[in-house]
Amino acid sequence: MRKWLAGFIGAALLAAPSYAEIQLPAEVMAQAREGINGVYSLDFDVAQQNIQKVFSQYPDHPFAHFGNAMIAWSRYEYEFEKSDEKQQKVFEQILDDSISGIKRWMKQHPDDPNAYMGIGALYGLRAMFSMRNRSWITAYFSGRKAISNLEKSLELDPTYYDAYFGLGIYQYYAGTLPSVIKILAKIVAIKGNPDEGVKQLNLSREKAMFTADSSKLILIEIQNVRGSKYYNPQKSLEYIRQLRAKYPKNPLMHYVEIICLYETGNLDEVTRQANQFLELIGKDPFYKDIYISRAYTALGTAAMARGDILGARAVFEQGKLALKDQAVSRWGLWNELRLGQVYDLLGERDLAVKQYKYVLSFKDKWGFDDLAKSLLKKPYVLPEGNDPGPLPPL
């Protein structure tokens with residue numbers, strides 16, 4: 001579950017509250033808010049137009065740099081589904097430029113809590129991105145800078161509730177990601193407190209100006225982790241419905257609701273909404289072709305959970321056909337792996353092996369190799385209760 005919302009983590013880390021040392025005019029504040037809301041709605045044109053207006057009046061203000069990096073990250077994450085190396089380089093360059101810009105601002109305004117929040121957020125984003133790419137040393141040092149700057153922002157302004165968002169993420173994930181901690185522990189001891197992290201995220205959810213919605217998204221992820229003491233998919237469903245009402249144009253809010261419905265066991269509603277999601281692709285400008293694989297994932301996985309393996313096969317094969325002209329993406333490859341599992345369940349081992357080898361023919365950008373290799377050694381068996389596991393990719 002931790003990967004399906006990773007992009008929202010990064011995007012939300014860039015949001016900035018209004019505790020400005022330099023009091024911005026109401027019009028400029030409105031433009032900053034409109035830019036951030038544009039990103040939440042995946043309306044990148046509106047977002048960029050408003051952030052550029054902030055840049056034009058306050059070239060190095062943290063709000064402008066936050067917004068610019070937020071747009072670049074979100075485009076890479078959602079518009080290109082983390083599958084376009086050119087867009088990745090664009091994002092990395094803008095991230096570097098944004099950090100440099102905030103450093104320039106800090107030299108002139110050393111006591112501005114926004115600056116510390118901003119640069120801490122950007123270092124947090126770099127840490128997360130480095131962790132995803134297994135650059136553990138860069139991830140550690142960037143994360144350490146993120147935390148120290150976020151703590152400094154609270155030192156300057158104890159009511160800066162937005163800072164608790166980043167601190168809460170650190171506390172929770174540092175305490176619950178043993179695979180990461182095992183590697184980083186070789187460099188330096190890292191400790192986290194999941195209970196404190198959840199407490200801080202709820203504080204941000206209740207009182208923060210800009211990261212309240214982001215905190216809801218992270219809490220949804222936490223509450224959907226099976227076997228966790230925080231597991232509460234019904235509460236997650238409540239939160240995502242609130243967010244969908246606020247950002248009705250965002251198809252990924254729609255998809256997160258489908259995930260939450262799946263976790264609550266409402267498979268009929270999963271199927272209904274996944275079909276609706278699929279129908280909107282090509283009709284609604286925000287439901288892009290690249291999201292087709294998500295719809296087939298939901299439909300096929302719901303069929304597996306019902307024990308309808310022939311139905312799941314039909315769905316995943318339809319997805320394979322629908323995706324044949326698209327560049328390979330994370331969700332598309334996940335469909336290919338799921339199709340292999342379905343072939344195994346139907347006793348068609350040769351077809352299953354072909355699918356797993358196809359998955360392994362690509363660079364392991366999305367962490368599927370270990371699972372595919374294990375499935376080559378031993379055919380997939382549906383666990384007791386027809387539970388194929390969480391709906392999103394690993």
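Structure shown above.
Analysis parameters
- Residues numbered from 1 in each chain as written.
- Predicted model: local features only at pLDDT ≥ 70, side-chain atom pairs only at ≥ 80, totals over all residues.
- Heavy atoms only, no water.
- Axes fitted to C-alpha atoms, helices over the stretch in contact; angles between N-to-C directions.
- Helix = DSSP H or I, 4+ residues; strand = E, 2+ residues; numbered from the N terminus.
- Parallel < 35°, antiparallel > 145°, perpendicular 65-115°, else oblique.
- Left-handed = near helix turned anticlockwise from the far one by under 90°.
- Contact = heavy atoms within 4.5 Å.
- Nonpolar A, V, L, I, M, F, W, Y, C, P; charged D, E, K, R; others polar.
- Buried < 20%, exposed > 50% of the residue type's maximum accessible area, 1.4 Å probe, protein only.
- Arc of directions from axis to C-beta.

**Regarding the packing of helix α5 (residues 85-108) against helix α6 (residues 113-132)**
Okay, step 1: Interhelical geometry of α5 versus α6 gives an angle of 155° and a closest axis separation of 10 Å. Comparing the axis directions of α5 and α6 gives the class roughly antiparallel. Relative to α6, α5 is oriented so that their crossing is left-handed. Side by side, α5 and α6 meet where Gln-88, Phe-91, Glu-92, Leu-95, Asp-96, Ser-98, Ile-99, Ile-102, Lys-103, Trp-105 and Met-106 of the first sit next to Ala-115, Tyr-116, Gly-118, Ile-119, Leu-122, Tyr-123, Leu-125, Arg-126 and Phe-129 of the second.
Okay, step 2: Its residues placed into classes, the contact of α5 with α6 shows 13 nonpolar, three polar and four charged.

**Regarding the environment of Glu-348**
Okay, step 1: Here Glu-348 shows up in the loop between α17 (330-345) and α18 (349-360).
Okay, step 2: Note: C-alpha distance between Glu-348 and Pro-379 (31 residues apart in sequence) is 9.9 Å.

**Thoughts on helix α19 (residues 369-377)**
Along an α-helix, a turn takes 3.6 residues, which lines up residues three or four apart on a common side.
Okay, step 1: Among the residues of α19, those classed as buried are Asp-369, Ala-372 and Leu-375. The buried side chains of α19 occupy one side of the element, clustering within an arc of 130° when seen end-on. What points out from α19, more than 90 degrees from its buried face, is the exposed set Asp-370 and Lys-377.
Okay, step 2: Contact partners of the buried residues in α19: α17 and α18.

**Digging into the packing of helix α11 (residues 212-223) against helix α12 (residues 233-246)**
Okay, step 1: Where α11 meets α12, the axes come as close as 9 Å, and the angle between the chain directions of the two elements is 150°. By the angle between their directions, the pair α11 and α12 is classed as roughly antiparallel. Between α11 and α12 the crossing geometry is left-handed. Contacts between α11 and α12 pair Asp-213, Lys-216, Leu-217, Leu-219, Ile-220 and Gln-223 from the former with Pro-233, Lys-235, Ser-236, Tyr-239, Ile-240, Gln-242, Leu-243 and Lys-246 from the latter.
Okay, step 2: When grouped by side-chain class, the residues that make up the contact of α11 with α12 number seven nonpolar, three polar and four charged.

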